[in-house]
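Each chain, written out:
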Amino acid sequence: MSDVKNPKVRFAPSPTGQLHLGSARTALFNYLYAKHHDGTFYLRIEDTDKARSKQEYVEQICSSLEWLGIKWDGEPLFQSTRLNEYHDVVLTLLENNSAYRCFCSKDALETARVGGSYQYPGTCRNLSEEDIKLHMNSGEGFVVRLRVPEGETHFDDMIYGAVHVKHEEIDDFIIARSDGQPTYNLVVVVDDHEMEITHIIRGEDHISNTPKQILIYTAMGYAVPKFAHLPMILGQDKKRLSKRHGAPGVQEFKNEGYLPDALLNYLALLGWNPGSDEEIFTLDELIALFEMSHVHKKSAVYDEQKLSWISGQHMVRLGTAKILEGIHAINADWGQGFETNYLYAILEQLKQRSKSLRDFIDQSSYFFTDPQSYDEKSSRKNWKNVATSQIINVYKKRLESIEQWDANVIESTLRMTAEENDISAGKLIHPTRLALSGVSNGPSLFILMAILGKDVCIRRLNKALEIFPLQS
Ligand code: GLU
């Protein structure tokens, strides 16, 4: 057990797009860390980029977090309301000589570029008071740069271990732009200090910002928090996960009827495991188990199949009544006019095969209406000729005489028919499934037939006997 008590953490999304999987994972790990250690989890909206930040994304991010069950403490903090505070800190840094005004024009800086790599040549680092006044009086624009001292910065990342960076590798970076706007590195430090954040848990893509931020903490005399940089999430091609990989945003998972617990469970496994083989967890279990020491350095790979499997496992655990409730929340008409027991029987059969509530809807139409079309490939493969029609006809006749319509009797009748006619059971199973459902896969055929009922099965077999074999 670690001795961390009541940490304060934050999730700090920029509302320039919807909540994607990587950010959701960052939010989750912050949340788990806070809740595991009786801490506080804040939400901060980093909306200083006016051109790219949108209110609709703020709403989408908040509703995605709520849907996932990641609850933030207190009110969200909006950076756009804190421009005065940032400005004051820039002035303090200028006053205590930790920062300076840089009047270099873009063109002048461009000429100073050596090859591909760029370092600010320090032109304005040591301007005299008089020079500064002259520049200012002539109305020249300026940026504010941090005066990076000689030496090196190091920190112990909770995941990556010791990180050392020599200051000669860090430019005198900009903390306020020529329009007065503070930069990301500045505002993050000001807010994390103001919010008394103790642990900064964020994506590995920010690790190169951390030494710069530590320099600002030090220049302001602020206590430096602890840092944990979470491993990258990659696509199957080992490139950074992006839309290109078909990984939808949280909103789409919600629209598709994924279970929030399932998505959370999957996200938790992107870079963490509990130190055992167990893989299915509720949010409360994750809170109880989460330890930063079990977060890996190695990049995680987004695996859609694994997500589907985990989703299926959560579906099974959810229970049929709740599944029906969830389906009706996205489509109130589903199964209308059919008895609840009939709907339950369908859901029982489909839940192993469904990763989302929408999957149930998409896979279940033949339980309610006769097939309107038949899978082309299966038609050609499984109902090739009149020999198939003849044997299906024999089976159908036998089905007609079954009195006790249940899966076992339906199955033994099929197997007997196959045996007597010296064919494999598959030669009957595949065309029968095609005739009854129009598709080539689904739950156990015999259970499917038992659920559909005798009349429906016979009617559909008769219709298929009229259509097949297809004329080529
Ligand atoms: N707004 C930053 C992002 O979305 C957050 C960076 C941080 O957590 O410090 O990447």
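Our structure is the block above this text.
**Quick notes on the sheet that holds strand β5 (residues 143-146)**
Taken in spatial order, the three strands line up as β4-β5-β8 in an open sheet, and their pairing is antiparallel. Of all the strands in the sheet, just β4 (99-102) and β8 (174-176) have a single pairing partner and so form its edges. Neighbour to neighbour, the strand axes of the sheet diverge by 45° on average, direction disregarded. As defined by bridge partners, β5 adjoins β8 across two bridges and the pair is classed as antiparallel. Its bridge partner lying in β8, R145 is registered against I174.

**Considerations on the sheet that holds strand β2 (residues 40-45)**
Taking strand neighbours across the sheet as the criterion, the three strands line up as β1-β2-β3 in an open arrangement whose pairing is parallel. Each edge of the open sheet is held by one strand with a lone partner, namely β1 (8-11) and β3 (77-78). Contacts between helix α6 (residues 184-194) and the sheet are confined to β1, β2 and β3, with β2 contributing the most and set at about 145° to the helix.

**Considerations on a positive patch on the surface**
There is a patch of like positive charges on the surface, built from K377, K381, K384 and K427. If you trace the backbone, K427 turns up in helix α18 (residues 426-437). Residue K427 is classed as exposed on the basis of its relative accessible area, which comes to 53%.

**Let's talk about the environment of Y374**
Examined against the element boundaries, Y374 turns out to sit in the loop between α14 (357-363) and α15 (376-382). Spatially, the C-alpha atom of Y374 lies 4.2 Å from that of G438, the residues being 64 residues apart in sequence. If we skip the residues at most four places from it in the chain, Y374 touches S379, L434, A435, G438, K463, A464, I467 and F468.

**Quick look at the environment of H229**
With respect to the helices and strands, H229 occurs in strand β10 (residues 226-230). Its relative accessible area of 0% is what places H229 among the buried residues. Separated by 19 residues in the primary sequence, H229 and T210 have C-alpha atoms spaced 9.6 Å apart. For H229, the residues in contact, after removing those within four places along its chain, are F155, D157, I159, Y160, R202, G203, E204, H206, I207 and T210. A distance of 2.6 Å separates a polar atom in the side chain of H229 from a polar atom in the side chain of D157.

**Examining the site of the ligand**
Every residue lining the ligand is accounted for by R10, A12, S14, E46, Y184, R202 and H206. At 2.9 Å from a nitrogen atom of the ligand is found a side-chain nitrogen or oxygen belonging to S14. Here the ligand loses 79% of its free accessible area of 300 Å² to cover by the protein chains. For the shell around the ligand, the per-class residue count stands at two nonpolar, two polar and three charged.

**Overview of helix α20 (residues 454-467)**
Side chains of residues three or four places apart in an α-helix project in the same direction, reflecting 3.6 residues per turn. Helix length check: α20 (14 residues) gives 20 Å between terminal C-alpha atoms against 20 Å at 1.5 Å per residue, within 8%. Listing the buried residues of α20 in full gives V456, C457, I458, R460, L461 and A464. The inward-facing, buried residues of α20 abut α16 (386-400), α18 and α19 (445-452).

**Let's talk about unusual backbone geometry**
Omega for the peptide link from F468 to P469 comes to -5°, which places this bond in the cis form. For P469, the location among the structural elements is in the segment after α20. Even without a glycine there, the phi angle at N97 is positive, about 70°. When you line up the elements, N97 lands in the loop between α3 (83-95) and β4.

**A few points about the pairing of strand β9 (residues 199-203)**
Burial analysis of β9 places five of its five residues in the buried class, the great majority of the element. As paired elements, β9 and β10 share five bridges and run parallel to each other. Counterpart to H199 in the pairing with β10 is K226. Taken together, β9, helix α7 (residues 210-220) and β10 constitute a β-α-β crossover, and its handedness is right-handed.

**Things to note about the nonpolar core**
By size, the foremost hydrophobic cluster in this structure holds 53 residues, and its most contacted members are L28, L65, L68, I70, L263, W272 and Y302. Here this core gets nine residues from one element, more than from any other, and that element is helix α1 (residues 21-36). Among residues more than four places away in sequence, those in contact with L65 are F11, L19, A27, L43, I70 and W72. Residues I323, L414, L445 and M449 belong to the second largest nonpolar core, which totals 46 residues.

**Considerations on the packing of α18 against α20**
Helix-helix packing is described using two parameters, namely the angle between the two axes and the distance between the axes. Packing of α18 against α20 brings their axes to within 8 Å, and their N-to-C directions diverge by 105°. On the basis of the axis angle, α18 is roughly perpendicular to α20. Taken together, the residues of α20 that come into contact with α18 (itself represented by T432, A435 and L436) are C457, R460, L461 and A464. Considering only residue class, the contact of α18 with α20 consists of five nonpolar, one polar and one charged.

**Quick word on the side chain of K396**
Along the chain, K396 falls in helix α16. In this structure K396 is buried but unpaired, with E400 as the nearest side chain of opposite charge at 4.1 Å. When sequence neighbours within four positions are dropped, the list of residues in contact with K396 reads I458, L461, N462 and L465.

**Side note on the packing of helix α13 (residues 340-350) against α19**
Orientation of α13 relative to α19, taken along the N-to-C sense of each, is 170°, at an axis distance of 10 Å. As summarised for this structure, α13 and α19 are arranged roughly antiparallel, according to the angle between their axes. In contact with Y342, A345, I346 and Q349 of α13, α19 contributes I447, I451 and L452. Of the residues contributing to the contact of α13 with α19, the split by class is six nonpolar, one polar and no charged.

Each value, and the rule that gives it
- In this numbering scheme, every chain counts its residues from 1 along its sequence in written order.
- Totals for whole chains, interfaces and linings use all residues, but because this is a predicted model, local features are given only for residues with pLDDT of at least 70 and pairs of side-chain atoms are given and counted only at 80 or more.
- Note that the side-chain values use all heavy atoms of the structure and ignore hydrogens as well as water.
- Strand pairing follows a simple DSSP-based rule, namely that at least 2 bridges must link the two strands.
- The numbering of helices and of strands both runs from the N terminus, where a helix is a DSSP run of H or I of at least 4 residues and a strand a run of E of at least 2.
- Under this scheme, a helix contributes an axis fitted over its contacting stretch, all axes are lines through C-alpha atoms, and angles between N-to-C directions fall in the 0 to 180 degree range.
- Any two residues having at least one pair of non-hydrogen atoms within 4.5 Å are treated as being in contact.
- Patch construction takes residues with relative accessible area above 30% that form no salt bridge. Like charges are linked within 9 Å, and nonpolar side chains (Val, Leu, Ile, Met, Phe, Trp, Tyr) are linked within 5 Å.
- Shrake-Rupley sampling with a 1.4 Å probe provides the accessible areas, and residues are treated as covered by the protein chains on show and by no other component.
- Put simply, a salt bridge is a Lys or Arg side-chain nitrogen that is within 4 Å of an Asp or Glu carboxyl oxygen.
- Charge convention: Lys and Arg are scored as positive, Asp and Glu as negative, and His as well as the terminal groups of each chain are ignored.
- Where a charge lies is defined by one atom per residue type, namely NZ (Lys), CZ (Arg), CG (Asp) and CD (Glu).
- Working definition: with a 1.4 Å probe on protein chains only, accessible area under 20% of the residue-type maximum means buried, over 50% means exposed, and in between means partly exposed.
- Polar contacts, as used here, are pairs of N or O atoms within 3.5 Å; protein pairs need one atom able to donate a hydrogen and one able to accept it. Residues neighboring in sequence count only if both atoms are side-chain atoms.
- The near set for a molecule or strand comprises every residue that places at least one heavy atom within 4 Å of it.
- When residues are sorted by character, Ala, Val, Leu, Ile, Met, Phe, Trp, Tyr, Cys and Pro go into the nonpolar class, Asp, Glu, Lys and Arg into the charged class, and all the rest, Gly among them, into the polar class.
- To estimate the expected span of a helix, count its residues, drop one, and scale the result by 1.5 Å.
- Clockwise travel from the first strand over the helix to the second, with the strands pointing away from the viewer, marks a crossover as right-handed.
- Put simply, buried Ala, Val, Leu, Ile, Met, Phe, Trp, Tyr and Cys residues joined by side-chain atoms within 4.5 Å make one nonpolar core.
- An angle below 35 degrees is read as roughly parallel, one above 145 as roughly antiparallel, one from 65 to 115 as roughly perpendicular, and any other as oblique.

It is worth stressing that arrangement in space is one thing and function is another; only the former is reported here.
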